[in-house]
Amino acid sequence: MSNEQWIVSTVKTTDILDLRMSVLRDGTPSQDPRYPQDDDPDALHLGIFEDETLIATSTWLDRPWPLDERRFAVQLRGMAVAKTHQSRGIGGVLLRAGIERARERGATFVWARARDLALKFYERHGFAVVGDQFTDEATGLGHHLVVLELPTSR
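Summarised in this report is the structure supplied together with it. (Residues numbered from 1 in each chain as written. Predicted model: local features only at pLDDT ≥ 70, side-chain atom pairs only at ≥ 80, totals over all residues. Heavy atoms only, no water.)

## Quick notes on helix α2 (residues 90-104)
- Across its 15 residues, α2 extends 21 Å between first and last C-alpha, which sits within 8% of the 21 Å expected from 1.5 Å per residue.
- All of the buried residues along α2 are I90, G91, G92, V93, L94, L95, A97, G98, I99 and A102. (Helix = DSSP H or I, 4+ residues; strand = E, 2+ residues; numbered from the N terminus. Expected span 1.5 Å × (residues − 1). Buried < 20%, exposed > 50% of the residue type's maximum accessible area, 1.4 Å probe, protein only.)

Pasting the structure below:
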């Protein structure tokens, strides 16, 4: 399937937990794929299916950008693409869909706590790496903040 054929859908929290577990928690101390904000009213879970199988997911939350809390921002959490489908551009399709939804809602920033292993992915999509490395409690892995400032319409 080419990138143009991947369809991004809204999914429920329960739909995404197995994929998060297999990708984001594999080999980490945490065996809990849930985030406390998963069921918040503003939480948006996006997914891409191949046939009936969820192969990619991301969660989008209204959360202030820590370095400029005055302007509306959206945080990306739980970005996961099935290991069998990585490096095919699917993550980029999902990321662009979430960014577009944030832009439509008037967000100034999209930001995430990105694993260091994924920094090049975010940089390819226009995100800037900000600050020093920190260790994520759940995974024990190095992370950095990444941010994309969205252009404002005038």
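From this point, the narrative continues.
## A look at the pattern of salt bridges
- Counting across every chain of the model gives 11 salt bridges.
- Between R20 and D38 there is a salt bridge; the shortest N-O distance is 2.8 Å. Within this pair, whereas R20 is found in helix α1 (residues 13-24), its partner D38 is found in the loop between α1 and β2 (44-50), the two being separated by 18 residues in sequence.
- Given a relative accessible area of 3%, D38 falls into the buried group.
- D42 is paired through a salt bridge with R63; the nearest N and O atoms lie 3.2 Å apart. Placement of D42 in the loop between α1 and β2 and of R63 in the loop between β3 (53-62) and β4 (73-81) is noted, with a sequence separation of 21 residues between them.
- Given the relative accessible area of 22%, D42 is considered partly exposed.
- Overlapping salt bridges bring together D68, R70, R71 and E149 as one network. (Salt bridge = Lys/Arg side-chain N within 4 Å of Asp/Glu carboxyl O.)

These figures capture arrangement, not role.
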